[in-house]
Amino acid sequence: MLFFCLSAALLLALGLFEARRARDASAFFVNARRSGPWQVGFSLIGAAVGGSATVGVAGLAWQAGAPAFWWMGSLALGFALMALLLARSVSRSGAWTMPELVEQWLGRPARLLAACLIVPGWVLDVSYHAFH
């Protein structure tokens, strides 16, 4: 627990340090849109492929064998396709969040629906990994 708290404090301190150095909110949150599709794609993969997923795949491979690859393999394939097919249009949209992007593509009511789906989805995902 001590390691977790120290890591969280370090990340918070680094975030505050970088926030003060950034010219504006766009520079802080979305790198002033200077990152290319591959940088963004690998950043998303890094965010999604964490310790729990890696350990989970190892446990699943122990139980199910080689088909466990598809848990992470399909995630990696999906992110690669997203980087190839969607990253450029998402970057041009100017949106910072998924609900903003959904609003541009589908309208204002869809933004609220996306936000209402994303929050419980992450809560369920984190809860699942915390207790399994």
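Residues numbered from 1 in each chain as written. Predicted model: local features only at pLDDT ≥ 70, side-chain atom pairs only at ≥ 80, totals over all residues. Heavy atoms only, no water.

Caption draft 1: Layout of the side chain of S93. Within the secondary structure layout, S93 lies in helix α6 (residues 87–93). On the basis of relative accessibility, which here comes to 18%, the residue S93 falls in the buried class. A distance of 2.6 Å separates a polar side-chain atom of S93 from the backbone oxygen of V90. (Helix = DSSP H or I, 4+ residues; strand = E, 2+ residues; numbered from the N terminus. Buried < 20%, exposed > 50% of the residue type's maximum accessible area, 1.4 Å probe, protein only. Polar contact = N/O pair within 3.5 Å; in protein donor to acceptor, adjacent residues only side chain to side chain.)

Caption draft 2: Spatial organisation of a nonpolar patch on the surface. There is a patch of nonpolar side chains on the surface, built from W38, F42, L77, L81, L84, L85, L86, W105 and L106 and spanning about 1,000 Å² of accessible area. Listing elements by their share of the nonpolar patch, those giving two or more residues are α3 (37–48), α5 (69–85) and α7 (98–106). The dominant element in the nonpolar patch, judged by the number of residues it contributes, is α5, at four residues. Tracing the backbone through its elements, the reader meets F42 in helix α3. Residue F42 is classed as exposed on the basis of its relative accessible area, which comes to 55%. (Patch = residues over 30% accessible without salt bridge, like charges linked within 9 Å, V, L, I, M, F, W, Y side chains within 5 Å. Areas by Shrake-Rupley, 256 points an atom, 1.4 Å probe, with all protein chains shown as cover. Salt bridge = Lys/Arg side-chain N within 4 Å of Asp/Glu carboxyl O.)

Caption draft 3: Region of the structure containing the environment of P67. Mapped onto the elements of the fold, P67 is located in the loop between α4 (51–64) and α5. Sequence separation between P67 and V57 is 10 residues; the distance between their C-alpha atoms is 10.0 Å.

Caption draft 4: Representation of α7. Within α7, burial applies to P99, L101 and V102. Taken end-on, α7 shows its buried residues confined to a sector of 160 degrees, consistent with a single buried face. (Arc of directions from axis to C-beta.)

Caption draft 5: Up close: helix α1 (residues 2–21). Counted at 1.5 Å a residue, the expected span for α1 with its 20 residues is 28 Å, and the 29 Å between its end C-alpha atoms agrees. Counting buried positions along α1 yields zero of 20 residues, so the element is predominantly exposed. (Expected span 1.5 Å × (residues − 1).)

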